[in-house]
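# A closer look at the structure
Residues per chain, in single letters:
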Amino acid sequence: MGHLIIANHMVEFSDLKKIWFVISPHNPLKEKHTLLADHHRLAMVNVAVEDNSKFKASSVEFKLPQPSYTIHTLTYLQEKYPAKKFVLIVGADNLPTFHKWKNYEQILEQYELYVYPRQTRTIIHS
């Protein structure tokens, strides 16, 4: 639900006309065994976006080498769809670790970064 809220916000308040939800088979910053199977996550995203023509579920990373690196996905998409302009949407909570992303400098040089100001969660144990 959080990703849909962010996508709706971005479509409404930015120049973006369409948002692709890229399902990643293996995010290198997450443990793969903690994720639901790829085809299940793709099916869930398809159901979530099917009624909105401004959203698209994409399995593009399923055919790319794993683990999935954002720079590889963006490069692949730009080569496959040269007439389109791709940007990266991230939550503000990703910024403190963005320097850990593979070729993060290249991402910043070649693509626009749209940052959604998510609040960080504070959990207080007593």
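Our subject in this report is the structure included herewith.

Each value, and the rule that gives it
Residues numbered from 1 in each chain as written. Predicted model: local features only at pLDDT ≥ 70, side-chain atom pairs only at ≥ 80, totals over all residues. Heavy atoms only, no water. Helix = DSSP H or I, 4+ residues; strand = E, 2+ residues; numbered from the N terminus. Buried < 20%, exposed > 50% of the residue type's maximum accessible area, 1.4 Å probe, protein only. Contact = heavy atoms within 4.5 Å. Areas by Shrake-Rupley, 256 points an atom, 1.4 Å probe, with all protein chains shown as cover. Phe/Tyr/Trp six-rings, centres within 6.5 Å; stacked < 30°, edge-to-face > 60°. Lys NZ or Arg CZ within 6 Å of the ring centre and 35° of its normal.

Attention shifts here to the overall build of the protein chain. In terms of regular secondary structure, the protein chain is built from four helices and four strands. Mapped from its N terminus to its C terminus, the protein chain presents α and β elements in the order α-β-α-β-α-β-α-β. A total of 126 residues make up the protein chain; the buried ones form 30% of that total. For the protein chain, contacts bridging at least 24 residues in sequence account for 64% of all contacts bridging at least 6. With the model as given, the accessible surface of the protein chain reaches about 8,900 Å², and the carbon-plus-sulfur share is 54%.

Enumeration over the complete set of coordinates arrives at six aromatic pairs. Aromatic side chains Trp-20 and Tyr-81 sit 5.4 Å apart centroid to centroid with 90 degrees between the ring planes, which places their arrangement in the edge-to-face category. Of this pair, Trp-20 sits in strand β1 (residues 19-22) while Tyr-81 sits in the loop between α3 (70-80) and β3 (87-91), and the two are 61 residues apart along the sequence. Aromatic side chains Tyr-81 and Phe-86 sit 6.4 Å apart centroid to centroid with 55 degrees between the ring planes, which places their arrangement in the tilted category. Among the residues examined, Tyr-81 registers a relative accessible area of 26% and is labelled partly exposed. A network of ring pairs unites the aromatic residues Trp-20, Tyr-81 and Phe-86 as a single cluster. Over the aromatic face of Trp-20 sits the side chain of Lys-56, whose NZ or CZ is 4.0 Å from the ring centroid. Its guanidinium or amino end placed over the ring of Tyr-69, Lys-102 lies 5.1 Å from that ring's centre, counting from NZ or CZ.

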